[in-house]
Amino acid sequence: MSYFNSGLDKKCGGVDCVTLHERQHIKDALRHSTFDFCTTPSAKATEGYQIFMQQGIRRDSEISAYLIELECLRAKKAEPNTDCDCRDYLQGRIDRISSGFGGL
Ligand SMILES: [Zn+2]
C-alpha cells in the first residue's frame, strides 16, 4: 500500500499536512540561501532546493516541518466531523511522526 496516495490520505486531509511540511522546507531554503535562481544555470536543471541547504539548516528545517505537519494532523483529528476511519488514520500519522522525534 502506498502510504501517501491512499484514499484516506486525500479524504482525511493528510495530503494537506504534507504540503505544509514541504512548504516549510521551501521557506527555510529560501531564507538561508544566497543562491540566485535566475543567474545560476545549474539551478534550472535541479529541482532540489535542498541541495543548497547546509546540513544543520536542513535538520532544523526538518524539525520545524514535522512540527507544522503534526499540528495540522492534530487539528484535523480534532475537527468534529472527522469520522472514525480518519481518526485512526490521522492518529497513525501522528504516532509515526512523534516516535521519530522521541515523543513530541
Ligand atoms: Zn521534510
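Structure shown above.
Scoring rules and cut-offs
- Residue numbers restart at each chain and count upward from 1, following the sequence in its written direction.
- Since the coordinates come from a predicted model, pLDDT governs what is reported: local features require at least 70, and pairs of side-chain atoms require 80 or more to be given and counted, while whole-chain, interface and lining totals use all residues.
- Working definition: helices are DSSP H or I runs of at least four residues, strands are E runs of at least two. Numbering for both runs from the N terminus.
- Whether a residue is buried, exposed or partly exposed is read from the other C-beta atoms within 10 Å of its own C-beta, which are placed from the backbone; 20 or more gives buried, 12 or fewer gives exposed, and intermediate counts give partly exposed.
- For every residue pair, C-beta atoms are placed from the backbone, and the pair is scored as a contact if these atoms sit within 7 Å.
- Note on terminology: a nonpolar core is any set of buried Ala, Val, Leu, Ile, Met, Phe, Trp, Tyr and Cys residues joined through C-beta atoms within 7 Å.
- Note on geometry: axes are C-alpha line fits, over the in-contact stretch for helices, and angles between N-to-C directions span 0 to 180 degrees.
- The labels follow the angle: roughly parallel below 35 degrees, roughly antiparallel above 145, roughly perpendicular from 65 to 115, and oblique for the rest.
- Left-handed is the label given to a crossing in which the near helix is rotated counterclockwise from the far helix by less than a right angle, and right-handed is the label when the rotation is clockwise.
- The residue classification treats Ala, Val, Leu, Ile, Met, Phe, Trp, Tyr, Cys and Pro as nonpolar and Asp, Glu, Lys and Arg as charged. All others, Gly included, are polar.

Chemist: Before we go on, may I ask you to explain the overall build of the protein in this structure?
Modeler: For the protein, the count of helices and strands is 5 helices and 0 strands. Counting every position in the protein, which comprises 104 residues, the buried fraction comes to 15%. For the protein, restricting intrachain contacts to residue pairs at least 6 apart in sequence, the fraction spanning at least 24 positions comes to 65%.

Chemist: Would you mind showing me how to read the nonpolar core here?
Modeler: The tendency in soluble globular proteins is for nonpolar side chains to be buried as a group. Counting residues in each nonpolar core, the largest one holds 6 residues, listed as Cys12, Cys17, Cys72, Leu73, Tyr89 and Leu90. Those elements that provide at least two residues to this core are helix 4 (55–78) and helix 5 (84–100). Those residues within four positions of cysteine 72 in sequence are excluded, and the remaining contacts are Asp16, Cys17 and Leu20.

Chemist: How should I be thinking about the packing of helix 2 (residues 14–32) against helix 4 in this particular structure?
Modeler: Angle between the axes and distance between the axes are the two parameters that describe a pair of packed helices. Remark: helix 2 packs on helix 4, axes separated minimally by 8 Å, with the N-to-C direction vectors making an angle of 150 degrees. Comparing the axis directions of helix 2 and helix 4 gives the class roughly antiparallel. Our pair here, helix 2 against helix 4, has a crossing hand that is right-handed. Residue-level contacts link Asp16, Cys17, Val18, Leu20, His21, Gln24, His25, Asp28 and His32 of helix 2 to Ile57, Ser61, Ser64, Ala65, Tyr66, Ile68, Glu69, Cys72 and Leu73 of helix 4. Along the lines of polarity and charge, the residues of the contact of helix 2 with helix 4 split into 9 nonpolar, 6 polar and 3 charged.

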